[in-house]
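# Observations on chain architecture
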Amino acid sequence: MERGVRFTRLQTADRAAACELVDGAGRTEQLEVPWVVGCDGRDSLVRRHAAIGFPGRRYRQHMLLADVELDTDLARDAVH
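Cut-off values and rules
- Residues numbered from 1 in each chain as written.
- Predicted model: local features only at pLDDT ≥ 70, side-chain atom pairs only at ≥ 80, totals over all residues.
- Heavy atoms only, no water.
- Pairing = 2+ DSSP bridges.
- Helix = DSSP H or I, 4+ residues; strand = E, 2+ residues; numbered from the N terminus.
- Axes fitted to C-alpha atoms, helices over the stretch in contact; angles between N-to-C directions.
- Contact = heavy atoms within 4.5 Å.
- Buried < 20%, exposed > 50% of the residue type's maximum accessible area, 1.4 Å probe, protein only.
- Polar contact = N/O pair within 3.5 Å; in protein donor to acceptor, adjacent residues only side chain to side chain.

Bringing the sheet that holds strand 1 (residues 6–12) into the picture now. Here we have 3 strands laid out as an open sheet, ordered 1-2-3, and antiparallel in their pairing. Bordering the open sheet on either side are strand 1 and strand 3 (28–33), each of which pairs with just one other strand. Averaged over all neighbouring strand pairs, the angle between strand axes comes to 20 degrees, with direction disregarded. Two elements, strand 2 (residues 17–22) and strand 3, share 6 bridges in a ladder whose sense is antiparallel. Directly across from Leu-21, in strand 3, lies its bridge partner Glu-29.

This part covers the side chain of Arg-47. Inspection of the secondary structure puts Arg-47 in helix 1 (residues 45–50). Excluding residues within four positions of it along the chain, Arg-47 makes contact with Gly-41, Arg-42, Ile-52, Gly-53 and Phe-54.

On to the pairing of strand 2. With 5 of 6 residues buried, strand 2 lies mostly within the body of the structure. Judged from the 6 bridges that link them, strand 1 and strand 2 form a sheet pairing that is antiparallel. Residue Phe-7 lies in a different strand from strand 2, and its bridge partner there is Leu-21. Counting the residues in the hairpin turn of strand 1 and strand 2 gives 4 residues. Count of turn residues in the strand 2/strand 3 antiparallel hairpin: 5 residues, of which Gly-26 carries a positive phi of about 90 degrees.

So, about the side chain of Glu-20. Note on placement: Glu-20 falls in strand 2. A polar contact of 3.1 Å, which involves the side chain of Glu-20, links it to the side chain of Gln-30. The contacts of Glu-20, once residues within four sequence positions are left out, are Arg-6, Phe-7, Thr-8, Arg-9, Thr-28, Glu-29 and Gln-30.

Laid out in structure tokens, this is it:
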């Protein structure tokens with residue numbers, strides 16, 4: 001994985017996949033690989049090109065991330 005590089009196009013053939021990547025400067029690179037894995041979320045470009053649906057719906061998430069020292073009776077081996 002390279003930061004700042006976008007996957008923009010996928011074309012599949014019998015034994016390979018041709019991908020187009022674009023870097024932060026706008027330079028394109030063509031890459032031929034034996035397979036592609038789509039780990040880019042619900043609106044996956046890979047999933048769209050492969051016609052793989054993602055059934056379900058969005059849901060609201062509320063979370064707080066903090067680095068604190070906490071004096072509590074809550075169990076230490078559980079997420080709260």
